[in-house]
Amino acid sequence: MEQLKCEDRVFESAAALFAVLATPVRLKIISAVCHEERNVSELLELIDTTQPNMSQHLATLYRSGVLSKRREGTQIYYRLQSERVAMLCRAVCSQVEAELDGNAEIAHTDRLVPLVHR
C-alpha cells in the first residue's frame, strides 16, 4: 500500500509539471533561457506575446520552481532552475519535431503526436 501512495505522489507531481509546461509560450521561454539568463525585454524580442502575458507566464514558471530570477538594477533576469526540465522539454520537443517532419520512421505505437493523414 505504501508503494501505491508513493507512486500516486510521483504521478501527481509529474501531472503538475506537465500542466505548467502545457503552453507553447512557456516552452518557448524555457528554450530561450536554456543556455543563458535573459530579462523580460530580451524574452519579448524572441517570443511573440504581450508584456503582461509574458509576465504572467514567467511568474507561473517561477512559482513552480522551473525558473529562478535575480535583480540587477531595474532588470530582472530569469534562468532555468532545473536542468531536468530542460532535458524533458528537449526530449519531447525533439520527438514531436521528428514526427511532424514526416520523414521520420516512427512506429505508430511510439508516436507522441497522432499521425495525421493528408
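Everything below is about the structure printed above this text.
It should be emphasised that the depicted structure is a prediction, and the values quoted were computed from it without experimental measurement. (Residues numbered from 1 in each chain as written. Predicted model: local features only at pLDDT ≥ 70, side-chain atom pairs only at ≥ 80, totals over all residues. Heavy atoms only, no water.)

Regarding the environment of H57
- Mapping H57 onto the fold places it in helix α4 (residues 51-63).
- For H57, a relative accessible area of 10% gives the class buried.
- Between the alpha carbons of H57 and V20 there is a distance of 9.2 Å; along the sequence they are 37 residues apart.
- Leave out the neighbours within four places in its chain, and H57 touches T23, V25, R26 and I29. (Helix = DSSP H or I, 4+ residues; strand = E, 2+ residues; numbered from the N terminus. Buried < 20%, exposed > 50% of the residue type's maximum accessible area, 1.4 Å probe, protein only. Contact = heavy atoms within 4.5 Å.)

Re the sheet that holds strand β3 (residues 75-80)
- An order of β1-β3-β2 is seen for the three strands of this open sheet, with the pairing classed as antiparallel. Every interior strand has two partners, whereas the edge strands, β1 (38-39) and β2 (67-72), have only one.
- Sheet strands touched by α4: β2 and β3. Its angle to β2, the strand with the most contacts, is close to 115 degrees. (Pairing = 2+ DSSP bridges. Axes fitted to C-alpha atoms, helices over the stretch in contact; angles between N-to-C directions.)

Observations concerning the packing of aromatic side chains
- According to the stated counting rule, one finds zero aromatic pairs in the structure shown.
- When the ring centre of Y62 is taken as origin, the NZ or CZ atom of K69, which lies over that ring, is 4.3 Å away. (Phe/Tyr/Trp six-rings, centres within 6.5 Å; stacked < 30°, edge-to-face > 60°. Lys NZ or Arg CZ within 6 Å of the ring centre and 35° of its normal.)

Thoughts on helix α5 (residues 83-101)
- Relative to the 27 Å expected for 19 residues at 1.5 Å per residue, α5 spans 27 Å between its end C-alpha atoms, a close match to the ideal helical length.
- Along α5, the positions that sit buried rather than exposed are V85, A86, C89 and E99. (Expected span 1.5 Å × (residues − 1).)

Observations regarding the packing of helix α2 (residues 24-32) against α4
- For the pair α2 and α4, interaxial distance at closest approach is 10 Å and the crossing angle is 70 degrees. The angle between α2 and α4 places the two elements in the roughly perpendicular class. Contacts between α2 and α4 involve V25, R26, I29 and I30 from the first element and N53, M54, H57, L58, T60 and L61 from the second.
- Partitioning the contact of α2 with α4 into residue classes produces six nonpolar, three polar and one charged. (Parallel < 35°, antiparallel > 145°, perpendicular 65-115°, else oblique. Nonpolar A, V, L, I, M, F, W, Y, C, P; charged D, E, K, R; others polar.)

Some points on the pairing of β2
- By the bridge criterion, six bridges tie β2 to β3 in an arrangement that is antiparallel. Bridge pairing in β3 links E72 to Q75.

Comments concerning the pairing of β3
- Here β1 runs beside β3; their pairing, made up of two bridges, is antiparallel. Counterpart to N39 in the pairing with β3 is Y77.
- Between β2 and β3, which pair antiparallel and follow one another directly, the connecting turn spans two residues, one of which, G73, has a positive phi of 65 degrees.

A short note on α2
- All of the buried residues along α2 are V25, R26, I29, I30 and A32. When α2 is viewed along its axis, its buried side chains cluster within an angular range of 165 degrees and face the same direction. Exposed residues lying more than 90 degrees from the buried face of α2 are P24 and S31. (Arc of directions from axis to C-beta.)

Function cannot be inferred from these measures alone, as they are strictly geometric.
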